[in-house]
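An overview of the molecular structure
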Amino acid sequence: VLEEADFNGEDFNLFQVAGQKCLEDGYAAQLLEVIENEKNKVIIKNMGWNLISPLVRCIFMYKQEDDKRDHCLKILDQLAQLCNPKELFLGLLEQIEQTSGEQVCQTVMLLLQPLQTVLLKLQNKKAYSVGLSLAMIMNQLTSLPVPYTKQQIQEDKLGLCQCCNAVVDFAKPFVNEVVKNMEKSSEYNDMELKEEVLKFCMKSLKYPLLTAQLEQLEGIEEHPFRHFATEIIDILWNIRELIPLVFLHREGKSPHWENQEFADMERKNSADSLACLSYLIFVQHFGIECFPVVFSPSYLLQCNMTHIEVLLKRTEESMLSKGLDLFESCLLRMEDNSLLHQYLEFRDFINVPQDLVKVMTLCPIEHLRKKSLNILQLFIDKFDAEGKYTLFRCLLKTSNHAGVEGYIIKNIKDQIHLSLTRAHDNIWFTGHHLISLLDLVLLLPEGAETDLLQNSDRIMASLNLLRYLIIKDCESDNQTGVWATLAKIEQNFLKPLHVGLNMSKAHYEAEIKNKKENRREAHRSNTVCSITVSGEKMPAMTTEMQLQVLHTALFTFDLIESVLARVEELIEVKIKAGMDENS
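Residues numbered from 1 in each chain as written. Predicted model: local features only at pLDDT ≥ 70, side-chain atom pairs only at ≥ 80, totals over all residues. Heavy atoms only, no water.

As annotated in an unreviewed UniProt entry, the chain is GLMN protein from Burhinus bistriatus.

Right under this line is the structure:
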């Protein structure tokens, strides 16, 4: 019967202890009667929020079909209607903040409805409170692993799939409020609530959508993450932020951080979210119907290169595969030879192929390595002749991988072939431009001391290119310019290669001889050779296995030597034929 002003600290404690005791002893029905009694509305308004913590504990304690659980849920609903909104809001948030592990999604889903009811009642600092609620919920969910496989999504063991879609429903009244206010006035000034909704969408793009498997899965009629993605895209469209985010890279009002580390983290989170948004639109085609069909394929590629770069720098399969899919999707829209060489003046257009090379050579997932190689070829095919030329020079200088260099040299050979067989002359793969490119190709990186085994892919590709040039281009025509620079090629490439082959073969033959001599002793002592790669001990190598490796190396040297001999023979024949013609 006391009025609000007459309550003191002891009253609060007494009420909390009494209420908690009722719940723990199973008297939820009686407590519900007390709360519903009109006489108690003042005390419930001021003290009811203290019951949130014991109430949540009891709800989780009782089974679904238990009447006591139903009474507890009704008490929660009554508290949302009767309590002081500000105090209940803080009580609910505190409960969400304190939950952890397997109970995160259960707690969030239990408290979303009362939290929404309270927020809709708030008058002051509504936008701030909505933002705080969404941020708290998303931060708690972020600690949970995102289901990735079909089985994990179907099981949804921790309830994350269900919870994410429940959070979107929780946010809808506030989204509708933003939309309504924007419709009322073209100059919508109250940006605070809109910014909070936008922040929620950006967080959702980074988690769970950036990590989630978003392909259509057979046997899952309503893919929970695809549904969630559709909802987030719809919100962005309704608050008029979808197009600006995709094309203007709008980042919202990010706070000014004194601490540089926080500022960098904010920038990285934003970059991840925008990359995921582009993937959703251009690969999965969420919201694509909203886009005007006026953008050229090259412009779309340019807009997406920043996002592709962000994704290709990641090592997680889910993110790396999204980067490759986005890159491939943009390239497939384009005609071959249509991408102007000037695009290589943009930093991203140089960085992305270098990142692609790292995926090709370092990624432990085979299907992603293969896919990245196919995409590199696709990227090369889209450039005009000067673009291809510039890209080849760049990759030869930066890849630091013999296999990649060999692949690029094969591409150079293909472009020279096109230049020589087409009616019109291609200046970039003939004459002095080609000679400048051949200076990077027809040489040994460290002269005669070059590790020929390590560089065998590159050396074989270079020799095959030289053999092709000698066969296709007569000394009298010299379209490619190779005959004018033959002396330089011999000095920088052929002679050091001869010396290197002799040294390498002698070294490996001596090793084989030693292994064979020591074989009997090795059998007697059961000695094996151990290899450590990246700190991990590999399976032990027997003497027989070591001998097999050494013989394989010798076979590689013999192969190089045979192609080298054929190249020198062709040069000799062509020079002789030219001399005979002149005489």
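**Section: the overall build of the chain**
Here is the rule we go by: Only DSSP runs of H or I reaching four residues or more are called helices, and only runs of E reaching two or more are called strands; each is numbered from the N terminus. When a residue's accessible area, from a 1.4 Å probe over protein chains only, is under 20% of the maximum for its type it is buried; when over 50% it is exposed; and in between it is partly exposed. The contact rule is simple, with two residues in contact once any of their heavy atoms fall within 4.5 Å.
Scanning the chain from N- to C-terminus turns up 24 helices and two strands. Buried residues in the chain amount to 47% of all 583 residues. For the chain, long-range pairs separated by at least 24 residues make up 75% of all intrachain contacts whose partners lie at least 6 apart in sequence.

**Some remarks on the environment of His401**
The cut-off we apply is this: Any pair of N or O atoms that falls within 3.5 Å is considered a polar contact. Within protein, one atom must be able to donate a hydrogen and the other to accept it, and sequence-neighbouring residues count only if both atoms are side-chain atoms.
Mapping His401 onto the fold places it in the loop between α19 (385–398) and α20 (402–421). Overall, the relative accessible area of 33% leaves His401 in the partly exposed class. It is 8.2 Å that separates the C-alpha atoms of His401 and Asn455, two residues lying 54 residues apart in sequence. Within the structure, His401 has its side chain in polar contact with the backbone nitrogen of Gly403 (distance 3.1 Å).

**Some points on the nonpolar core**
Here is the rule: Throughout this description, the term nonpolar core refers to a set of buried Ala, Val, Leu, Ile, Met, Phe, Trp, Tyr and Cys residues connected via side-chain atoms within 4.5 Å.
Judged by nonpolar contacts, the single largest core of 177 residues is most densely connected at Leu141, Phe200, Leu280, Phe327, Leu463 and Leu497. It is helix α10 (residues 160–184) that contributes the most residues to this core, 13 residues altogether. If we skip the residues at most four places from it in the chain, Phe200 touches Leu134, Met138, Val167, Val168, Ala171, Ile232 and Ile235.

**A few points about helix α2 (residues 28–36)**
Note on helix geometry: an α-helix contains 3.6 residues per turn, so any two residues three or four positions apart are oriented the same way. Selection criterion: To obtain the arc, one takes the directions from the helix axis to the C-beta atoms.
Where α2 is concerned, the buried positions are Ala28, Leu31, Leu32 and Ile35. Angularly, the buried residues of α2 cover 105 degrees about the axis, an arc narrow enough to put them on a single face.

**Points about the pattern of salt bridges**
This is how the line gets drawn: One speaks of a salt bridge when a side-chain nitrogen belonging to Lys or Arg is within 4 Å of a carboxyl oxygen belonging to Asp or Glu.
For the structure on display, the rule yields 23 salt bridges. Arg314 serves as the salt-bridge partner of Asp272, at 3.1 Å between the closest nitrogen and oxygen. A residue pair is termed long-range when its members are at least 10 positions apart, and Asp272 in helix α14 (residues 260–282) and Arg314 in the loop between α15 (297–312) and α16 (317–332) qualify at 42 residues. Of the residues examined, Asp272 reaches a relative accessible area of 2% and is grouped as buried. Between Arg458 and Glu405 there is a salt bridge, with its nearest N and O atoms 3.1 Å apart. With Arg458 in helix α22 (residues 456–472) and Glu405 in helix α20, this pair connects stretches of sequence that are 53 residues apart. Connected through salt bridges with shared partners, the residues Lys206, Lys268, Asp272, Arg314 and Glu316 form a single ionic network.

**Considerations on the confidence of the model for the chain**
Short version of the rule: Values of pLDDT, which run from 0 to 100, indicate the predictor's confidence residue by residue.
Mean pLDDT over the chain works out to 87, with 89% of the residues at or above the 70 mark. Across residues 250–254 the pLDDT falls below 50, and counting only partners more than four positions away or on other chains, this stretch makes 13 contacts in the model.

**With respect to unusual backbone geometry**
The residue after Tyr207, namely Pro208, is reached through a cis peptide bond having omega 10 degrees. At Asp156, a position not held by glycine, the phi torsion is positive, near 45 degrees. In this fold, Asp156 is placed in the loop between α9 (150–155) and α10. Residues other than glycine seldom take positive phi values, yet Asn337 does so here, at roughly 65 degrees. Take Asn337: it is sitting in the loop between α16 and α17 (347–362). What makes Asn337 partly exposed here is its relative accessible area of 44%.

**Re the side chain of Ser278**
Its place among the elements puts Ser278 in helix α14. Residue class for Ser278 comes out buried when judged on its relative accessible area of 1%. If sequence neighbours within four positions are ignored, Ser278 has contacts with Val283, Asn304, His307 and Leu326.

**Some words on the environment of Asp451**
Assignment of secondary structure puts Asp451 in the loop between α21 (431–441) and α22. Along the chain, Asp451 and Ser504 lie 53 residues apart, while their C-alpha atoms are 8.3 Å from each other.

**Concerning the packing of α19 against α21**
Selection rule: Fitted lines through C-alpha atoms give the axes, limited to the stretch in contact for helices. The angle between two N-to-C directions lies from 0 to 180 degrees. If an angle is under 35 degrees, it is roughly parallel; if it is over 145, roughly antiparallel; if it lies from 65 to 115, roughly perpendicular; otherwise it is oblique. In this scheme the crossing of two helices becomes right-handed for a clockwise turn of the near helix relative to the far one and left-handed for an anticlockwise turn of less than a right angle. Note that Gly is not counted as nonpolar here; it falls among the polar residues with everything else outside the nonpolar set of Ala, Val, Leu, Ile, Met, Phe, Trp, Tyr, Cys and Pro and the charged set of Asp, Glu, Lys and Arg.
Between α19 and α21, the shortest axis-to-axis distance is 10 Å and the interhelical angle comes to 20 degrees. Taken together, α19 and α21 sit at an angle that is classed as roughly parallel. In this structure, α19 meets α21 at a crossing whose hand is left-handed. Contacts between α19 and α21 involve Tyr389, Arg393, Leu396 and Lys397 from the first element and His433, Ser436, Leu437, Leu440 and Val441 from the second. A per-class count over the contact of α19 with α21 returns five nonpolar, two polar and two charged.

**So, helix α5 (residues 67–82)**
The condition is simple: For a helix, the expected span equals 1.5 Å multiplied by the number of residues minus one.
Its 16 residues place the ends of α5 22 Å apart at the C-alpha level, agreeing with the 22 Å of an ideal helix rising 1.5 Å per residue. Inspection of α5 places Arg69, Cys72, Ile75, Leu76, Leu79 and Ala80 among the buried residues, and these make up the whole buried set. Projected down its long axis, α5 shows its buried positions confined to an angular sector of 140 degrees, all on one face.

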